[in-house]
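# Geometric and topological summary
Now for the letters of each chain:
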Amino acid sequence: MALTRDFKETVKERAARDPAFAKAMLDEAATAFLNGEPHVARLILRDLVNASVGFEGLAAETKRPSKSLHRMLSEKGNPSMDNLAAIFGAVRKRLGVAFEAHGVEAA
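Residues numbered from 1 in each chain as written. Predicted model: local features only at pLDDT ≥ 70, side-chain atom pairs only at ≥ 80, totals over all residues. Heavy atoms only, no water.

The protein is annotated in an unreviewed UniProt entry as DNA-binding phage protein from Sphingobium fontiphilum.

## Brief notes about the side chain of Arg 46
Tracing the backbone through its elements, the reader meets Arg 46 in helix H3 (residues 38-51). Those residues in contact with Arg 46, other than ones at most four positions away along the chain, are Lys 8, Phe 55, Leu 73, Ser 74 and Glu 75. (Helix = DSSP H or I, 4+ residues; strand = E, 2+ residues; numbered from the N terminus. Contact = heavy atoms within 4.5 Å.)

## Topic: the pattern of salt bridges
Counted according to the given criterion, the structure contains two salt bridges. The residue Arg 14 makes a salt bridge to Asp 18 at a minimum N-O spacing of 3.2 Å. Relative accessible area serves as the criterion here: at 35%, Arg 14 is assigned to the partly exposed category. A salt bridge links Glu 61 to Lys 93, with the nearest nitrogen and oxygen atoms 3.2 Å apart. A residue pair is termed long-range when its members are at least 10 positions apart, and Glu 61 in helix H4 (residues 55-62) and Lys 93 in helix H6 (residues 81-95) qualify at 32 residues. Residue Glu 61 is classed as partly exposed on the basis of its relative accessible area of 38%. (Salt bridge = Lys/Arg side-chain N within 4 Å of Asp/Glu carboxyl O. Buried < 20%, exposed > 50% of the residue type's maximum accessible area, 1.4 Å probe, protein only.)

## Re the packing of helix H1 (residues 7-17) against helix H2 (residues 19-34)
Running from N to C, H1 and H2 cross one another at 115 degrees; their axes reach a closest spacing of 5 Å. Judged by the angle between their axes, H1 and H2 are roughly perpendicular. Between H1 and H2, the contacting residues are Val 11, Arg 14, Ala 15 and Arg 17 on the first element and Pro 19, Phe 21, Ala 22 and Met 25 on the second. Classifying every residue of the contact of H1 with H2 gives six nonpolar, no polar and two charged. (Axes fitted to C-alpha atoms, helices over the stretch in contact; angles between N-to-C directions. Parallel < 35°, antiparallel > 145°, perpendicular 65-115°, else oblique. Nonpolar A, V, L, I, M, F, W, Y, C, P; charged D, E, K, R; others polar.)

## Remarks on the environment of Phe 55
Here Phe 55 lies in helix H4. By relative accessible area, Phe 55 is classed as buried at 5%. Ignoring anything within four residues of it in the chain, the contact list for Phe 55 reads Arg 46, Val 49, Asn 50, Ser 66, Leu 69, His 70 and Leu 73.

Encoded structure:
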């Protein structure tokens, strides 16, 4: 059975119209990063940037070239901690949320 809509477009549209969904995506990206899954965090952040601030807006906010930001958030991207912090900060600011980390017992 063929898909009727592109998955990325569906996620982008939902995040753009549903602030709770966008915040959940940001939370998931931060959790993935902190749990040692930076590749997952980058891909979630890429979709969230597309749905919220956009790469041109992110470039203006972070004072980094948009092409560099695209590469950083690609599947094989490797952003520095400073760049990743700037990206998280810009998206966090756009969504109007703050981060609060909590440790939990490992299963």
